[in-house]
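Architecture and fold: a report
One-letter residues, chain by chain:
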Amino acid sequence: MEKSREYAIEVRGLTKQFGDFKAVNKIDLNIEKGMVYGFLGPNGAGKTTTVRMLATLLEIDGGTATIFGYDVQTEPKKIRPRIALTGQYSSVDEDLTGKENLVMICRLMGFSRKDSKKRALDLLEAFGLFDAANKQTKEYSGGMRRRLDIAASIVVTPDLLFLDEPTTGLDPRSRNQVWDVIRALTKAGTTVLLTTQYLEEADQLADRIAVIDKGEIIAEGTATELKASVGSGMLHLTLKNEADRTQAESLIESSVGLVLSESSRAAEVLVKVEDPAIATTILNHLAEAGIELVTFSLSQPSLDEVFLALTEEEEA
Ligand SMILES: Nc1ncnc2c1ncn2[C@@H]1O[C@H](COP(=O)(O)OP(=O)(O)OP(=O)(O)O)[C@@H](O)[C@H]1O
Ligand SMILES: [Mg+2]
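Residues numbered from 1 in each chain as written. Chains lettered and ligands numbered in written order. Predicted model: local features only at pLDDT ≥ 70, side-chain atom pairs only at ≥ 80, totals over all residues. Heavy atoms only, no water.

1. As for the side chain of Thr50
When you line up the elements, Thr50 lands in helix 1 (residues 47-54). The class of Thr50 is buried, set by a relative accessible area of 1%. Only 2.8 Å separates the side chain of Thr50 from the backbone oxygen of Gly46, close enough to count as a polar contact. Contacts of Thr50, omitting those with residues within four sequence positions, involve Leu14, Val24, Ile27, Phe39 and Ile212. (Helix = DSSP H or I, 4+ residues; strand = E, 2+ residues; numbered from the N terminus. Buried < 20%, exposed > 50% of the residue type's maximum accessible area, 1.4 Å probe, protein only. Polar contact = N/O pair within 3.5 Å; in protein donor to acceptor, adjacent residues only side chain to side chain. Contact = heavy atoms within 4.5 Å.)

Encoded structure:
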């Protein structure tokens, strides 16, 4: 029976204390079903601690948390069959092959011998590991191992999957492969709580993001909202002729009265713009004055800049 229709995860004032130290300090979360939710923070921010409490693996010290409407403290047995966790550290047996690892887990889950073999091979195929099925996993690359880890945690497709730093330490190619796996999972309707230290990862995968630092959530929203919250976009103009730069700059300043940022490149003009419509005005003015451009682009601040701005605010 479904208790909560909207939310996969609802958290109020969740707290975890180790001695005097508050690893997680009164956090609130609302995570809708079907969403990929990014939990973004640096080392020691409290990500794993939060995930372990939500996955009913660690006692909570304060506040409340429900998973699909069930209380993590009083109803863990209702929660466990519906969730899976891929931990920060690999849990596969190094001496077994990929196939043997998955078959073993299927058997533990109560699958028959025949069904176990079928499920293992299907998963290996789906995760691009079919050719490595009979290799010992100690011979797997980091990316292959992470994919096997994720495969192992979805032997039975969970309604909610916790992925704790699924791509930390992977090269860009392996990271992309893991991202593809995560995208495929969410298409099938699984809600995902993804912890990461990588802003780009949250940007690529997450529908919403919470930024956590020192046990507290310091910002929450979509990637676009988080970027917008720290300020304006930047218009990059590359002039065909460097000699036009002074004229272009004074034209922009007099027409729209905007602050120009210093650029190290002689042919480049950078303008901070709050409203994308202003970019059009600027381009028109330049065209009327006969100033030719090679390229122009309007960019939002990167999530890295957002993250730095947020964590610096905290420090100040
Ligand atoms: N069992 C424990 N006993 C004491 N302190 C702990 C324990 N587990 C975690 N901590 C502390 O709580 C804080 C948060 O740890 P946590 O593992 O949740 O961080 P994290 O965000 O997952 O970091 P990372 O990105 O490095 O995995 C850290 O300062 C850590 O040292
Ligand atoms: Mg961690």
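There is more to say, and it comes next.
2. Quick notes on the packing of helix 3 (residues 98-108) against helix 5 (residues 142-153)
Close contact between helix 3 and helix 5 brings their axes to 10 Å; oriented N to C, the two are set at 20°. Judged on the interaxial angle alone, helix 5 and helix 3 are roughly parallel. When the axes of helix 3 and helix 5 are compared, the crossing they make is right-handed. Between helix 3 and helix 5, the contacting residues are Gly98, Asn101, Leu102 and Ile105 on the first element and Leu148, Ala151 and Ala152 on the second. The class makeup of the residues in the contact of helix 3 with helix 5 is 5 nonpolar, 2 polar and no charged. (Axes fitted to C-alpha atoms, helices over the stretch in contact; angles between N-to-C directions. Parallel < 35°, antiparallel > 145°, perpendicular 65-115°, else oblique. Left-handed = near helix turned anticlockwise from the far one by under 90°. Nonpolar A, V, L, I, M, F, W, Y, C, P; charged D, E, K, R; others polar.)

3. Topic: the sheet that holds strand 7 (residues 160-164)
The mixed open sheet is built from 6 strands, whose spatial order is 6-7-8-3-9-10. Either end of the sheet is taken by a strand with one partner, and the two such strands are strand 6 (83-86) and strand 10 (216-221). Neighbour-to-neighbour, the strand axes of the sheet open up by a mean angle of 15°, direction not taken into account. The sheet contacts of helix 5 involve strand 6 and strand 7, and relative to strand 6 the element is tilted by about 165°. (Pairing = 2+ DSSP bridges.)

4. With respect to the site of ligand 1
Near ligand 1 you find 14 residues, and of these Asn43, Thr48, Thr49, Gln88 and Glu165 are the closest. The side chain of Gln197 places a nitrogen or oxygen atom 3.1 Å from an oxygen atom of ligand 1. For ligand 1, the protein covers 62% of the area, taking 640 Å² as the surface of the free molecule. Elements with a contribution of two residues or more to the shell around ligand 1: strand 2 (21-32) and helix 1. The leading source of residues in the shell around ligand 1 is helix 1, at 3 residues. Class assignment for the residues of the shell around ligand 1 results in 5 nonpolar, 7 polar and 2 charged. (Near = heavy atom within 4 Å. Areas by Shrake-Rupley, 256 points an atom, 1.4 Å probe, with all protein chains shown as cover.)

Remember that the coordinates give geometry; whether it matters functionally is a separate question.
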